[in-house]
Amino acid sequence: MSDKIVYLIRHCEAEHKVGRRFHIADARLTPTGVEQAKELCATLPQDLLENVELVVSSPLRRALETTLLGLQPVLDRVGRRSVVILPHAQECNIHPCDTGSAAEELVKDPAFEGLDFRMLSKRPDWTSKQGFWSNDPACLHARAKYVRRWLRDQPEKRIVLVSHGNFLRYLVSRAETDDLFANGEIRSYTFASDDDEDARVVLLQKTAKVGEVKPASDFDGSASSEA
């Protein structure tokens, strides 16, 4: 078993989940979500708080906001500029709420001042929801595998990733189950080995939860938004 620990966090409550308003483009946190993120910040596990060396976030606004509010003490230590904004960690579905904004838009948002969006600029097709980025289950499994391998290949021994409800199920190889992350929930994982092809993860602990577990919409590759 690997000696690396990865903390996975689902973003806090976002606008599109209130009344199933999936038409909202790149949905932000609700006021409740902002309060959840502040609560998350106050209840971070000690190991995450003190020892995380790498912070990674989905580029969707609700994940970035959760990262900045919920992980503020970690960012004070490692720096905002060091946050890796990984397009591969975006949500699965093709709704407007699950489609990200171009790097050129995000960099102009004062809420995200100091973040480095250059990785998005290298993959300008990441918002297309086509090909590798599509909601086809085979593509989602491939994208989740890419993220697992990417996380395992990083030199840091303590990593935190903020992502989305459906994508996290793919990431931990439980896409076909109802084992849902709650909003603002933290779970810690390690890798089964340092060299297996799939970079399989092993649950260590369900560490903290500040929001509710919302019932998942039916996920058929096109019509769900558990994000």
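**Here we look at the overall build of the chain**
Thought 1: Assigned secondary structure in the chain consists of 8 helices and 6 strands.
Thought 2: Of the regular secondary structure in the chain, the N- to C-terminal order runs β-α-α-β-α-α-β-α-α-α-β-α-β-β.
Thought 3: Relative to its length of 227 residues, the chain is compact, with a C-alpha radius of gyration of 16 Å against a globular reference of 17 Å.
Thought 4: Expressed along its principal axes, the backbone C-alpha trace of the chain runs to roughly 40 × 35 × 35 Å.

**Concerning helix H1 (residues 31-42)**
Thought 1: With 12 residues, H1 extends 17 Å from end C-alpha to end C-alpha; this agrees with the ideal 16 Å at 1.5 Å per step.
Thought 2: All of the buried residues in H1 are Gly33, Gln36, Ala37 and Leu40. When H1 is viewed along its axis, its buried side chains cluster within an angular range of 100° and face the same direction. Seen from the open side of H1, the exposed residues pointing more than 90 degrees away from its buried face are Pro31 and Ala42.
Thought 3: Structurally, H1 contributes buried residues whose contacts are with strand S1 (5-10), helix H3 (61-70) and strand S5 (186-191).

**A closer look at empty space enclosed by the protein**
Thought 1: Scanning the model with the defined rule gives 1 cavity of 30 Å³ or more in all.
Thought 2: Its boundaries defined by the atoms lining it, the largest cavity holds a volume of some 40 Å³.
Thought 3: Looking at the lining of the largest cavity, the elements that each hand over two or more residues are S1, helix H7 (137-153) and S5.

**Examining unusual backbone geometry**
Thought 1: The backbone of Asp26 sits at a positive phi, close to 45°, despite the residue not being glycine.
Thought 2: Turning to its location among the elements, Asp26 is positioned in the loop between S1 and H1.
Thought 3: Even without being a glycine, Ala199 presents a positive backbone phi close to 50°.

**Considering the pattern of salt bridges**
Thought 1: In total, this model carries 18 salt bridges according to the counting rule given.
Thought 2: Measuring nitrogen to oxygen at the nearest pair gives 3.0 Å for the salt bridge that ties Lys145 to Glu197. Note that Lys145 is positioned in helix H7 and Glu197 in the loop between S5 and strand S6 (201-208), a separation of 52 residues in sequence.
Thought 3: The class for Glu197 is exposed, based on a relative accessible area of 51%.
Thought 4: Between Lys145 and Asp198 there is a salt bridge whose closest N-O contact spans 3.6 Å. Of this pair, Lys145 sits in helix H7 while Asp198 sits in the loop between S5 and S6, placing them 53 residues apart in sequence.

**Some remarks on the state of the cysteines**
Thought 1: Per the stated rule, a full pass over the model turns up 0 disulfides.
Thought 2: The thiol sulfur of Cys41 is not disulfide-bonded, and the nearest other cysteine sulfur, from Cys12, lies at 11 Å.

**A few points about the environment of Lys145**
Thought 1: For Lys145, a relative accessible area of 23% gives the class partly exposed.
Thought 2: In the structure, Lys145 is positioned 28 residues away from Ser173 in sequence and 9.1 Å away in space, judged by C-alpha atoms.
Thought 3: Residues in contact with Lys145, not counting those within four places in the same chain, are Glu197 and Asp198.

**With respect to the pairing of strand S2 (residues 54-57)**
Thought 1: Of the two faces of S2, the one lined by Leu54 and Val56 and the one lined by Val55 and Ser57 are each fully buried.
Thought 2: Across 4 bridges, S2 lies against strand S4 (residues 158-163) in parallel orientation. The residue bridging Val55 from the neighbouring strand is Val160, located in S4.

**Structural notes on the packing of H1 against H3**
Thought 1: Interaxial distance between H1 and H3 falls to 8 Å at its minimum, and their mutual angle equals 40°. Judged by the inter-axis angle, H1 sits oblique to H3. In this structure, the crossing between H1 and H3 has a hand that is right-handed. Facing H1, whose interface residues are Val34, Ala37, Leu40 and Cys41, H3 presents Thr66, Leu69 and Gly70.

What counts, and at which threshold
- Residues numbered from 1 in each chain as written.
- Predicted model: local features only at pLDDT ≥ 70, side-chain atom pairs only at ≥ 80, totals over all residues.
- Heavy atoms only, no water.
- Helix = DSSP H or I, 4+ residues; strand = E, 2+ residues; numbered from the N terminus.
- Rg over C-alpha atoms; globule rule 2.2 N^0.38 Å.
- Expected span 1.5 Å × (residues − 1).
- Buried < 20%, exposed > 50% of the residue type's maximum accessible area, 1.4 Å probe, protein only.
- Arc of directions from axis to C-beta.
- Contact = heavy atoms within 4.5 Å.
- 1 Å grid on protein atoms, 1.4 Å probe; cavity = no way out; pocket = protein on both sides within 12 Å on 5 of 7 lines; lining within 4 Å.
- Points joined across faces, edges and corners; volume = space filled by probe spheres on them.
- Salt bridge = Lys/Arg side-chain N within 4 Å of Asp/Glu carboxyl O.
- Disulfide = S-S within 2.5 Å.
- Pairing = 2+ DSSP bridges.
- Axes fitted to C-alpha atoms, helices over the stretch in contact; angles between N-to-C directions.
- Parallel < 35°, antiparallel > 145°, perpendicular 65-115°, else oblique.
- Left-handed = near helix turned anticlockwise from the far one by under 90°.

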